Amino acid sequence: MNKTRFAVWTSTVIAASLLLSGCQVLTGYQQIDSAVNAKAWAGKITPIAGEVNIACVGTYHCEIARIDQTPIIGSDTHKPINPAMLVAMQDVNANGSSGNKHAQAPMAMDMTPLTHKKAIKIVPLSASAMPGLTNYYARVKPAKREVQVNFYPENNLGYVERFAMIHDFVEAGTYQLRAYQKKSSNNSGSLLDSASPEPLCVELYQGNSVQRRFCKEVGTEHQGEFVETRVVKAEPAQSQLKPAVKNKMKTKA
């Protein structure tokens, strides 16, 4: 009986100490649960000097499945596979409560720089267009890497387009893999409003510039595969104005 009372008293003290602490740190699967429940989103990608941020956008949902040989987001759970990779999240409220249980609690992400080239961190970015899922982005060091991404063009987890590429992320900064549906001239509408009858394309952006483009081929020997296509970069416009001709004025002697 005394042991039972002691256990209850100890649990109460621990719970009270967590409530009274001004800054609560979530670790492991608690972080994943918080992100999934929309309690802890970064809201935007935060650049860190010397690091590469990799994100995916453009469909109902997308997730970075693997970087090199490291699994990132599970295709079955749609959550980070290794909770140790998820950045630590701290509640910035002094009283440890957001005041509205349905509101997104203000959180501060631990953006401590990565210590070595093999280190990978996962940051919850925002709510997905699919209810209950979260979009994440990955932080890595500059290097040549293989990135695998699962895109969901429809509001249906049963339909997934699996994309993979090898790219040399030489420069630090933000890279986005943006998916879109290649439309014919007789077809229009957004990716979210269609059933994806047209092939899917994925463009790699570095900042605001397209670096590479991949499109899924239909009706060819590469049917069902993403094939890289040439990216034509616009050249700076040259002035069409001819240099002004100076009029020679004759003067009378």
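Residues numbered from 1 in each chain as written. Predicted model: local features only at pLDDT ≥ 70, side-chain atom pairs only at ≥ 80, totals over all residues. Heavy atoms only, no water.

Re the pairing of strand 10 (residues 161-169)
We count it as follows: Burial classification: accessible surface area is computed with a 1.4 Å probe over protein chains only, and a residue below 20% of its type maximum counts as buried, one above 50% as exposed, and the rest as partly exposed. Secondary structure elements follow DSSP: runs of H or I of four or more residues count as helices, runs of E of two or more count as strands, with numbering from the N terminus. Any two strands are treated as partners once DSSP identifies two or more bridges connecting them.
Side chains of strand 10 alternate between two faces, with Glu161, Phe163, Met165, His167 and Phe169 buried and Arg162, Ala164, Ile166 and Asp168 left unburied. Relative to strand 10, strand 9 (residues 143-152) runs antiparallel, the two being bridged by 9 bridges. Paired with Ala143 across the two strands is Phe169, which belongs to strand 10.

Let's talk about the environment of Ala127
As a reminder of what qualifies: Between two residues, a contact is recorded if the distance between any of their heavy atoms is within 4.5 Å.
Within the secondary structure layout, Ala127 lies in strand 7 (residues 121-127). Considered as a pair, Ala127 and His61 are 66 residues apart in the sequence and their alpha carbons are 9.5 Å apart. Contacts of Ala127, omitting those with residues within four sequence positions, involve Trp41, Leu133 and Asn135.

Considerations on the packing of aromatic side chains
To keep it simple, the criterion reads: Side-chain rings of Phe, Tyr and Trp (the six-membered ring for Trp) are treated as a pair once their centres are within 6.5 Å; stacked means planes under 30 degrees apart, edge-to-face means over 60, and tilted covers the remaining angles.
Tallied over the full model, the rule gives 3 aromatic pairs. Between Phe163 and Phe214, the aromatic rings sit 5.2 Å apart at their centres with planes inclined by 70°, giving edge-to-face as the arrangement. Of this pair, Phe163 sits in strand 10 while Phe214 is found in strand 13 (residues 209-216), placing the two residues 51 residues apart along the sequence. Considered together, Phe163 and Phe214 belong to a single accessibility category, that of buried residues.

As for the confidence of the model for the chain
For clarity, the threshold we go by: Per-residue confidence from the predictor is reported as pLDDT, a score between 0 and 100.
Mean pLDDT over the chain works out to 76, with 62% of the residues at or above the 70 mark. The low-confidence segment residues 3-38, where pLDDT is below 50, has 45 contacts with residues more than four positions distant or belonging to other chains. Below a pLDDT of 50 lies the segment residues 239-253, which in the model reaches 0 contacts outside its immediate sequence neighbourhood of four places, other chains included.

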